[in-house]
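Each chain is listed here by its residues.
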Amino acid sequence: MKYNELQVTANKDRKRKGRGIAAGQGKTAGRGTKGQGARTGKKLGAMFQGGQRALVQAIPKARGFKSLRKPAQVVYLDHLNAFKGKTADNFTLFEHGYVETPFHSVKVIARGELTEKITLNVQAASKSVQEAITKAGGTFTKTATPLKKSEKEAEATDK
C-alpha cells in the first residue's frame, strides 16, 4: 500500500462550528458579522429577497387546478366487431392496437353499431353500449384494472 492510496476521507471528523478561534470555525462560525443571517432562529426561505416582495408573489397564478387522475382509454363500439364470438379485455384490445397500455382503465363508448356477439371484460362501458351488447347476444362484465407484475413474479411465471 502506498501513501497516496490511503482512504483518509473515510476517517474525517465532522466540522464542529463555534468551538473557539483555534478550531478554525470559531466565534462567528462562518455567519459573518451581524445582520439577519447571523442570528439564530427561523431560517430564510429560498425565495426571500430581504423584505422586498418575493418573486413568487409577483408572478400571476394559474387559476383552477390540474387533475393528476388520468382519464380512461377510449374504445368505440364499432371497433368491437373485430372480436366476433371472442372475449375482449384489456390485453386483447392492446394486442389489436385499440389501447396504448393494458394496465390502465378502458371505457367503451357508443359509436356505430355492434353486429357481432362478444364477451366484454373491461373497466367501464356506457349504458347504450351495455344495451347494444346484450341486444347482440353478448355479455358485459365490469373488471378491475390489471396490475403490472413485478420482475420477480414475471420470472416465476416464465419458469
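Going by the structure above, here's the rest.
Residues numbered from 1 in each chain as written. Predicted model: local features only at pLDDT ≥ 70, side-chain atom pairs only at ≥ 80, totals over all residues. Heavy atoms only, no water.

Quick word on the packing of aromatic side chains
And step 1. Under the defined criterion, the tally for this structure stands at two aromatic pairs.
And step 2. Plain terms: the ring middles of F91 and F103 are 5.7 Å apart, the flat faces sit at 80° to each other, and that makes the pair edge-to-face. Placement of the pair is F91 in helix 2 (residues 90–95) and F103 in the loop between helix 2 and strand 3 (106–109), with a sequence separation of 12 residues. (Phe/Tyr/Trp six-rings, centres within 6.5 Å; stacked < 30°, edge-to-face > 60°. Helix = DSSP H or I, 4+ residues; strand = E, 2+ residues; numbered from the N terminus.)

A look at the environment of F103
And step 1. Given a relative accessible area of 33%, F103 falls into the partly exposed group.
And step 2. Through-space distance from the C-alpha of F103 to that of G37 is 52 Å; in sequence the pair is 66 residues apart. (Buried < 20%, exposed > 50% of the residue type's maximum accessible area, 1.4 Å probe, protein only.)

Some thoughts on the sheet that holds strand 2 (residues 87–89)
And step 1. On the basis of which strands lie adjacent, the open sheet formed by three strands has the order 2-4-6 and parallel pairing. Every interior strand has two partners, whereas the edge strands, strand 2 and strand 6 (139–142), have only one. Recorded for the sheet is a direction-independent mean angle of 15° between the axes of neighbouring strands.
And step 2. The sheet contact formed by strand 4 (residues 119–122) and strand 6 spans four bridges and is parallel. Within strand 6, the position partnered with V122 by the bridge is K142. (Pairing = 2+ DSSP bridges. Axes fitted to C-alpha atoms, helices over the stretch in contact; angles between N-to-C directions.)

Some words on the sheet that holds strand 3
And step 1. In spatial order, the strands read 1-3-5; together these three strands make up an open sheet with parallel pairing. With one partner strand each, in any of the chains shown, strand 1 (73–76) and strand 5 (124–125) form the two edges of the open sheet.
And step 2. Here strand 1 pairs with strand 3 via four bridges, running parallel. Pairing of Q73 across the sheet is with V106, part of strand 3.

A closer look at the side chain of Q123
And step 1. Looking at the element boundaries, Q123 is found in the loop between strand 4 and strand 5.
And step 2. Engagement of the side chain of Q123 in a polar contact is seen with the side chain of N90, the distance being 3.2 Å.
And step 3. Of the polar contacts made by the side chain of Q123, one reaches the backbone nitrogen of V106; its length is 2.9 Å.
And step 4. Q123 has contacts with N90, H104, S105, V106, K142, T143, A144, T145 and P146, leaving out every residue within four places of it along the chain. (Polar contact = N/O pair within 3.5 Å; in protein donor to acceptor, adjacent residues only side chain to side chain. Contact = heavy atoms within 4.5 Å.)

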